[in-house]
Amino acid sequence: AIATAACLIDGKGNWAAGATTFVQLGDVTDRGPDSLKIIRALQHLENGAAGAGGGVVVLLGNHEAMNVIGDLRYVHPGEYAAFADRQSDRRREATWRANRERLEAAYAALDPPVGPDEAKRRWFETTPLGKLEHRRAWAPGGELAVWAAERPAVAKIGDLLFVHGGLSGERGMEPVATINSRIAAALAPGEMVDRSAIEDPLGPLWYRGNITRAPEDAARQTSQDEIAAVLAYHGASRLIVGHTPAIGGIKQSHGGRLIQVDTGISAHYGGPASYLEIVGDRLVAHQRGKDGTWTSRELPAAVQGELP
């Protein structure tokens, strides 16, 4: 619906925006079903835009990274179901048989211990059809893990910086290519890979400090100074982020230098569908109301120089 309202696609879901660049700020997965459909649609648009002289930039979100490293706490059951096929039942049974002794021993070591029959029941309950296929696709080296590793954590387009979480003074004062390379390396296959970069609270996937500060941040530079320093380092005028929902609609702060575009559009948050349109120096926030009507408001220009 958003892509249609933004005139990015035609009635068949094909790219229809010519040389436009479409930026999606990550967190396609988790907290709901059918993210696989969204990923496939984004991949389809990437191909269509490339052929039309446009571009689709899908940033890496912390939830995509979580899927790669096996942090599944926010995965909706429908996500697993999307990967199920005709062989899933047989595949799950064969996996249990192949690992039965190890799994039974693990359950037997619990306090209280669990017997073989109950161990099988519990394992099947926590391994719904499609979960094995989901893990194969998302585990490091799998199809979707490779796709995720190819997503940039940070993108600079013109004088605008786009990042899923945010850019801290500690991690954001490096060339964009260096930041992206470090995150991609942490998603690579291998048991000895250092994955700390994708779990770093100051890193681009998780950082919220551009927007909000905790008491323990008192010794750090202010968010205002941090944003000014990051933008100056990268030669950018604005920082555009997702990750931290602004349920009331697209929000700007710090003299227009910081823009939050995540409006919590998933059913989990219940926020309004929205998108930010950028044409030259003009930024327009579009939002769908509860009655389905789209409204638009132009964002003020970013303040230049020191803020009062």
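Reading the values: rules and limits
- Residues numbered from 1 in each chain as written.
- Predicted model: local features only at pLDDT ≥ 70, side-chain atom pairs only at ≥ 80, totals over all residues.
- Heavy atoms only, no water.
- Helix = DSSP H or I, 4+ residues; strand = E, 2+ residues; numbered from the N terminus.
- Rg over C-alpha atoms; globule rule 2.2 N^0.38 Å.
- Buried < 20%, exposed > 50% of the residue type's maximum accessible area, 1.4 Å probe, protein only.
- Areas by Shrake-Rupley, 256 points an atom, 1.4 Å probe, with all protein chains shown as cover.
- Lys, Arg positive; Asp, Glu negative; His and termini not counted.
- Charge placed at Lys NZ, Arg CZ, Asp CG, Glu CD.
- Pairing = 2+ DSSP bridges.
- Axes fitted to C-alpha atoms, helices over the stretch in contact; angles between N-to-C directions.
- Core = buried A, V, L, I, M, F, W, Y, C linked by side-chain atoms within 4.5 Å.
- Contact = heavy atoms within 4.5 Å.
- Arc of directions from axis to C-beta.
- Parallel < 35°, antiparallel > 145°, perpendicular 65-115°, else oblique.
- Left-handed = near helix turned anticlockwise from the far one by under 90°.
- Nonpolar A, V, L, I, M, F, W, Y, C, P; charged D, E, K, R; others polar.
- Salt bridge = Lys/Arg side-chain N within 4 Å of Asp/Glu carboxyl O.
- Expected span 1.5 Å × (residues − 1).
- Polar contact = N/O pair within 3.5 Å; in protein donor to acceptor, adjacent residues only side chain to side chain.

The next subject is the overall build of the protein. Of regular secondary structure, the protein possesses 11 helices and 10 strands. In terms of overall size, the protein behaves like a compact globule, its C-alpha atoms giving a radius of gyration of 22 Å where 308 residues would be expected to give roughly 19 Å. In terms of principal-axis extent, the alpha carbons of the protein reach across some 70 × 50 × 35 Å. By residue count, 45% of the 308 residues in the protein fall in the buried class. Within the structure as shown, the protein displays about 15600 Å² of accessible surface, and the carbon and sulfur contribution to it stands at 53%. Each charge class in the protein can be summarised by its mean position, and for the 33 positive and 37 negative side chains these summaries are 4 Å apart.

Here we come to the sheet that holds strand β10 (residues 294-299). Pairing within the open sheet is antiparallel, and its 3 strands lie in the order β8-β9-β10. Looking at the sheet topology across the chains shown, the edges are occupied by β8 (274-279) and β10. For this sheet, the mean angle separating the axes of adjacent strands, direction not counted, is 25°. In this structure, β8 lies alongside strand β9 (residues 282-288), joined through 6 bridges in antiparallel fashion. Following the sheet pairing, L276 is matched in β9 by A285.

Attention shifts here to the nonpolar core. Within the largest apolar cluster, 44 residues are counted, with the highest numbers of intra-cluster contacts made by W15, W138, V154, L161, L167 and L239. Per-element tally for this core: the top contributor is helix α2 (residues 35-51), with 5 residues. Those residues in contact with W138 that sit more than four places away from it in its chain are T29, I39, E64, N67, V68, F83, L144, A145, W147 and A148. Residues V57, L160, I259 and V261 belong to the second largest nonpolar core, which totals 15 residues.

Right, let's get into helix α5 (residues 88-98). For α5, the complete set of buried residues consists of S88, R91, R92 and W96. Seen along its axis, α5 keeps its buried residues to an arc of 135°; they face one direction. Turned more than 90 degrees away from the buried face of α5, the exposed residues are R97 and A98. Buried residues belonging to α5 abut α6 (100-108), α7 (116-126) and α8 (131-138).

A few words now on the sheet that holds strand β6 (residues 251-253). Hydrogen bonds along the backbone pair up the strands of a sheet, which may run parallel or antiparallel. Reading across the sheet, the 5 strands line up as β3-β4-β5-β7-β6 and stay open at both edges, with mixed pairing between neighbours. Looking along the sheet, the strands with just one partner apiece sit at the ends: β3 (154-157) and β6. On average, adjacent strands in this sheet sit at an angle of 20° to one another, irrespective of strand direction. Contacting β3, β4 (160-163), β5 (238-241) and β7 (258-260), helix α11 (residues 223-234) crosses the sheet at an angle of about 115° to β4.

Here α5 crosses α7 at 135°, and the two axes come no closer than 12 Å. Judged on the interaxial angle alone, α7 and α5 are oblique. The two elements α5 and α7 cross, and the hand of that crossing is right-handed. Contacts between α5 and α7 involve R92, E93, T95 and W96 on the former and, on the latter, A119, K120, W123 and F124. Within the contact of α5 with α7, the residues separate by chemical class into 4 nonpolar, 1 polar and 3 charged.

Time to look at the pattern of salt bridges. As enumerated under the stated definition, the model contains 19 salt bridges in all. Residue R73 is joined to D71 by a salt bridge in which the shortest nitrogen-to-oxygen separation is 2.9 Å.

Looking now at α2. In a regular helix each residue adds 1.5 Å, so 17 residues correspond to 24 Å; α2 covers 25 Å between its end C-alpha atoms and thus fits that length. Residues of α2 that are buried include every one of S35, L36, I39, L42, Q43, L45, E46 and A49, and no others. Where α2 is buried, its residues meet β1 (21-24), β2 (55-58), α4 (77-81), α8 and α9 (143-149). Following α2 by one or two positions, G53 adopts a phi angle in the positive range, close to 85°.

On to the environment of A177, then. With respect to the helices, strands and loops of the structure, A177 is situated in helix α10 (residues 176-186). Each C-alpha atom, one on A177 and one on P272, is 33 Å from the other, the two residues being 95 residues apart in sequence.

A separate point is the side chain of R238. Positionally, R238 belongs in strand β5. It is D159 that comes nearest to the buried, bridge-free R238 among opposite-charge side chains, at 7.1 Å. At a separation of 3.1 Å, a polar atom in the side chain of R238 contacts the main-chain carbonyl oxygen of P300.

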